[in-house]
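# Structural features, examined
Chain by chain, the residues:
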Amino acid sequence: MTTDNATTDNKAIVQRALTELVGTGDVDALAPLLSDGFVHHRPDSTASTKAEWLDAVRAALVPLAGMAVEIDHVLADGDHVVMHSRRRAPGGGPEIVVVDIWRLDDGLITEAWEIIEPVSQAAANLTWWAAGSGPS
């Protein structure tokens with residue numbers, strides 16, 4: 001059974017990890033907060049290991065240095081923490097909305113899921129939801 005203290009601790013761990021990453025751009029500061037068996041899941045059903053994900057984040061941060069990040073929500077329930085944010089690339093780049101889901105175990109982030117949607121495409125991505133547009 002997960003306690004309220006564990007929920008609060010898990011939320012604090014994720015917030016610390018993201019603050020370090022966004023505030024300093026120091027990907028190496030994330031490494032000790034991830035379990036050795038960490039898995040990052042993408043919407044296309046691909047996954048990456050801890051080392052692969054850290055390398056991908058490191059590579060992505062080079063062109064995104066100075067990215068504006070506005071955190072709208074951080075919610076925690078037991079071993080899961082969910083963050084909803086808006087991000088804008090430097091120089092007035094496109095705005096995206098991101099939902100990150102983190103699972104923690106024994107104080108370490110063990111799994112992550114990520115959903116990214118460009119704000120400019122949000123209306124087009126809702127067409128499947130419109131009445132009568134689904135499969136018969």
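Here the structure is a predicted model, which is why all the values come from computation and not from measurement. Every chain begins its residue count from 1, and numbering advances along the sequence as written. Totals for whole chains, interfaces and linings use all residues, but because this is a predicted model, local features are given only for residues with pLDDT of at least 70 and pairs of side-chain atoms are given and counted only at 80 or more. Heavy atoms throughout the structure, all of them, feed into the side-chain values; hydrogens and water do not.

## Some words on the sheet that holds strand β4 (residues 80-88)
As summarised here, the arrangement of the six strands in space is β2-β1-β6-β5-β4-β3, forming an open sheet in which the pairing is mixed. The sheet terminates laterally at β2 (47-49) and β3 (68-77), the two strands that pair on one side only. Ignoring strand direction, the axes of neighbouring strands in this sheet form an average angle of 20°. Any two strands are treated as partners once DSSP identifies two or more bridges connecting them. By the criteria applied, helices consist of DSSP H or I runs no shorter than four residues and strands consist of E runs no shorter than two, each listed in order from the N terminus. Note: strand β1 (residues 34-41) against strand β6 (residues 108-118), four bridges, orientation parallel. The angle between two axes is taken between their N-to-C directions and runs from 0 to 180 degrees, where each axis is a line fitted to C-alpha atoms and a helix contributes only its stretch in contact.

## Brief notes about the pairing of β1
Sheet topology note: the β1/β2 ladder contains three bridges and is antiparallel. If you follow His40 over to β2, its bridge partner there is Ser48. If you look at the hairpin formed by β1 and β2, you'll find five residues sitting between the two strands, and Ser45 has a positive phi there, around 75°.

## Quick look at helix α2 (residues 50-61)
Here α2 spans 16 Å end to end across 12 residues, near enough to the 16 Å set by a 1.5 Å rise per residue. Throughout, exposure labels follow a simple rule: accessible area from a 1.4 Å probe, protein chains only, divided by the maximum for the residue type, with under 20% read as buried, over 50% as exposed, and the rest as partly exposed. Within α2 the residues assigned to the buried category are Lys50, Trp53, Leu54 and Val57. Considered in projection along α2, the buried side chains sweep an arc of 100° and stay on one side of the axis. Each element contacted by the buried residues of α2 is listed here: α1 (4-24), β1, β2 and β5 (95-105). Here a helix's expected span is defined as the number of its residues, less one, multiplied by 1.5 Å. Taking the helix axis as origin, the arc is that swept by the directions to the C-beta atoms. Only heavy atoms enter the contact rule, under which two residues are in contact if any of them lie within 4.5 Å.

## Observations concerning the nonpolar core
Counting residues in each nonpolar core, the largest one holds 20 residues, and the members touching the most others are Val14, Trp53, Trp102, Leu104 and Ile109. Looking at this core, the elements that each hand over two or more residues are α1, β1, α2, β4, β5 and β6. Top contributing element to this core by residue count: α1, with five residues. Look past the residues within four positions of Trp102 in its chain and what remains in contact with it is Val14, Leu18, Trp53, Asp79, His80, Val81, Ile109, Glu111 and Ala112. Residues belong to one nonpolar core when they are buried, are Ala, Val, Leu, Ile, Met, Phe, Trp, Tyr or Cys, and are joined through side-chain atoms within 4.5 Å.

## Examining the pairing of β4
Residue alternation in β4 divides its side chains into a buried set, Val81, Met83, Ser85 and Arg87, and an unburied set, His80, Val82, His84, Arg86 and Arg88. Sheet analysis places β3 next to β4, joined by nine bridges and oriented antiparallel. Following the sheet pairing, Val74 is matched in β4 by Met83. Taking the residues between adjacent antiparallel strands as the criterion, β3 and β4 are bridged by two residues, where Gly78 takes a positive phi near 60°. Of the pairings in the sheet, the one linking β4 to β5 comprises nine bridges and is antiparallel in character. By the bridge assignment, Arg88 is partnered in β5 with Glu95. Turn length for the β4-β5 hairpin, with the two strands adjacent in sequence and antiparallel, is six residues, and the turn residue Gly91 shows positive phi of about 75°.

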